[in-house]
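What follows is each chain in one-letter form.
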Amino acid sequence: MPSPLRGLVAAALTTLALVSAPPAGTFARAPGRAGRPAAAPVVIGHRGASGYRPEHTLAAYELAARMGADFIEPDLVTTSDGVLVARHEPEIGGTTDVAARPEFAERRTTKTIDGVAHDGWFAEDFTLAELRTLRATERIPEIRQENTIYDGRYRVPTFDEVLALRERLSDELGREIGVYPETKSPSYFASIGRPLEPALVAAIERAGLNRPDAPVFVQSFETQNLRALRGQLKVGLIQLMQATGAPADLAAAGDPRGYADLVTPQGLADIATYADGIGPDKDLVIGRDASEALGEPTALVTDAHAVGLLVHPYTFRNENRFLPAQFRSHGGEADYGDAFAEYEAFLRAGVDGVFTDSPDTAVAARAALLDPVG
Ligand code: G3P
Ligand code: CA
């Protein structure tokens, strides 16, 4: 860290775990597999700036970068012809206008994915050309009514397009915009003969990003694909963790371990053998009580840092529906509460980054802590 910034931080934040961080927004990978992570708290545009645009559209990613996000986050699924596209889940009825397209009515079906039955339309049943005729729509219009004016304006992007956007915006903005792809339901896609990983590795290679200093993290809620990717990718790998349940690949293999086992010191030490960090549900970092009020930090950040793992919790959102009880405003679920207070609690707990639907708010919250009088 340059000495002026170090001085600012040290003077203003003697109790904050940011004191050893490089300048905010600077990309840095975890330094090997031991020792304290060195990365500054990074802002990850969750599904783009999905608080302001329909998620997983180029418009959402571009807005996130322009708002100051360090990374843009595409979740990845595949088309029938093997092209990676950005969607949060295989079922595309919740985030596109496919239900209104009579030409695709017969594609509606029910599939069991990771043990859960889903009814709708599925990306893997569409060629890329077919998928390109669809348009993105807002997932939660009851909360984000303002986003609905963009319904019908944007296509479903390919991963290659996201990578090209990242490169263009990095050049234009004069700073490296990172990309943080997630493999969605990897076991499921492998089980139907359309594994995500070969296309993912190929795309990262094509973009010239398969190198240790590339601004890339690859993430997964499953474990086995990350272990395998460790041998193929030089970029950062992040083990995602839900607050409850078990990785789908372990459950399918009859392995009794759940996410509760992954967050123990022993589980974290194992993760550190193949990953560079963890992406926990934020409740695993600071839990909520029965009234949904935020409590005290758990040992997770300390334990993860002890084995050299970064900690990037998800997902931070401005609206009352998603905030801890004490930070909600008196408005309705869609109204904003005191999101700054939530960011402050997590940044003070020492997290290394945040997944957020509102990157501008996260950037401002980070800046407020680094320079309270700025
Ligand atoms: O990948 C981190 C976070 O995005 C995980 O949650 O369900 O939004 O992909 P999800
Ligand atoms: Ca994700």
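Look a little higher up for the structure.
Residues numbered from 1 in each chain as written. Chains lettered and ligands numbered in written order. Predicted model: local features only at pLDDT ≥ 70, side-chain atom pairs only at ≥ 80, totals over all residues. Heavy atoms only, no water.

Q: What should I look at first to understand the packing of aromatic side chains in this one?
A: Aromatic ring pairs are described here by two measures, namely the spacing of the ring centres and the angle between the planes. Under the counting rule described, the total for this entry stands at eleven aromatic pairs. Arranged with centres 4.9 Å apart and planes meeting at 65°, the rings of Phe104 and Phe126 form a pair that is edge-to-face. Of this pair, Phe104 sits in the loop between strand S4 (84-86) and strand S5 (109-113) while Phe126 sits in the loop between strand S6 (116-120) and helix H3 (128-131), and the two are 22 residues apart along the sequence. The two residues Phe104 and Phe126 agree in class, both being buried. Ring plane angle 80° and centroid distance 6.5 Å describe the contact between Phe221 and Tyr259, whose orientation is recorded as edge-to-face. Here the residue Phe221 occupies a position in the loop between strand S9 (217-220) and helix H7 (224-230), and Tyr259 occupies one in helix H9 (residues 259-262), the gap between them amounting to 38 residues. (Phe/Tyr/Trp six-rings, centres within 6.5 Å; stacked < 30°, edge-to-face > 60°. Helix = DSSP H or I, 4+ residues; strand = E, 2+ residues; numbered from the N terminus. Buried < 20%, exposed > 50% of the residue type's maximum accessible area, 1.4 Å probe, protein only.)

Q: Just checking my understanding: could you explain helix H4 (residues 159-173) for this structure?
A: An α-helix turns once per 3.6 residues; consequently, residues spaced three or four apart project the same way. In this model, H4 (15 residues) spans 21 Å end to end at C-alpha, consistent with the 21 Å of a helix rising 1.5 Å per residue. Listing the buried residues of H4 in full gives Phe159, Val162, Leu163, Leu165, Arg166, Leu169 and Ser170. End-on view of H4: buried residues confined to an arc of 160°, all on one side of the axis. Buried positions along H4 lie against helix H2 (58-66), strand S2 (71-73), strand S3 (75-78), S4, strand S7 (178-179) and helix H6 (197-206). One or two steps after H4, the chain reaches Gly174, where phi turns positive at roughly 75°. (Expected span 1.5 Å × (residues − 1). Arc of directions from axis to C-beta. Contact = heavy atoms within 4.5 Å.)

Q: So what exactly am I meant to see when it comes to the coordination of the calcium ion (ligand 2) here?
A: Octahedral six-donor coordination of a metal ideally yields angles of 90 or 180 degrees, compared with 109.5 degrees for tetrahedral four-donor coordination. Around the calcium ion (ligand 2), the donor atoms from the protein are Glu73 (OE), Asp75 (OD) and Glu182 (OE), and they sit 2.1 to 2.3 Å away. One can describe the site at the calcium ion (ligand 2) as irregular: its six donor atoms subtend angles covering 58 to 159° at the metal. Within one chain, the residues serving as donors to the calcium ion (ligand 2) are arranged as E-x1-D-x106-E. In this pair, Asp75 sits in strand S3 while Glu182 sits in strand S8 (residues 182-183), placing the two residues 107 residues apart along the sequence. No difference in accessibility class separates Asp75 from Glu182, as the two residues are buried. (Donors = N, O, S within 2.8 Å, 3.2 Å for Na, K, Ca; no water. Tetrahedral: all angles 85-135°; square planar, octahedral: opposite > 155°, others 65-115°.)

Q: I keep staring at the sheet that holds strand S1 (residues 42-46) and nothing clicks. Help me out?
A: In a beta sheet, neighbouring strands are held together by backbone hydrogen bonds and run either parallel or antiparallel to one another. The strand order across the open sheet formed by four strands is S7-S2-S1-S15, and the pairing between neighbours is parallel. The open sheet has two edge strands with one neighbour each: S7 and strand S15 (353-356). Relative to the sheet, helix H13 (residues 359-370) contacts S1 and S15, its axis offset from that of S1 by approximately 170°. (Pairing = 2+ DSSP bridges. Axes fitted to C-alpha atoms, helices over the stretch in contact; angles between N-to-C directions.)

Q: Can you walk me through the site of ligand 1 in this structure?
A: In the vicinity of ligand 1, the contacting residues are His46, Arg47, Glu73, Asp75, His88, Glu182, Lys184, Gln219, Phe221, Leu240, Tyr314 and Phe355. Taking His46, its side chain carries an N or O atom lying 2.6 Å from an oxygen atom of ligand 1. His88 is positioned such that a nitrogen or oxygen atom in its side chain is 2.6 Å from an oxygen atom of ligand 1. For ligand 1, the protein covers 92% of the area, taking 280 Å² as the surface of the free molecule. (Near = heavy atom within 4 Å. Polar contact = N/O pair within 3.5 Å; in protein donor to acceptor, adjacent residues only side chain to side chain. Areas by Shrake-Rupley, 256 points an atom, 1.4 Å probe, with all protein chains shown as cover.)

Coordinates in, geometry out; function isn't part of it.
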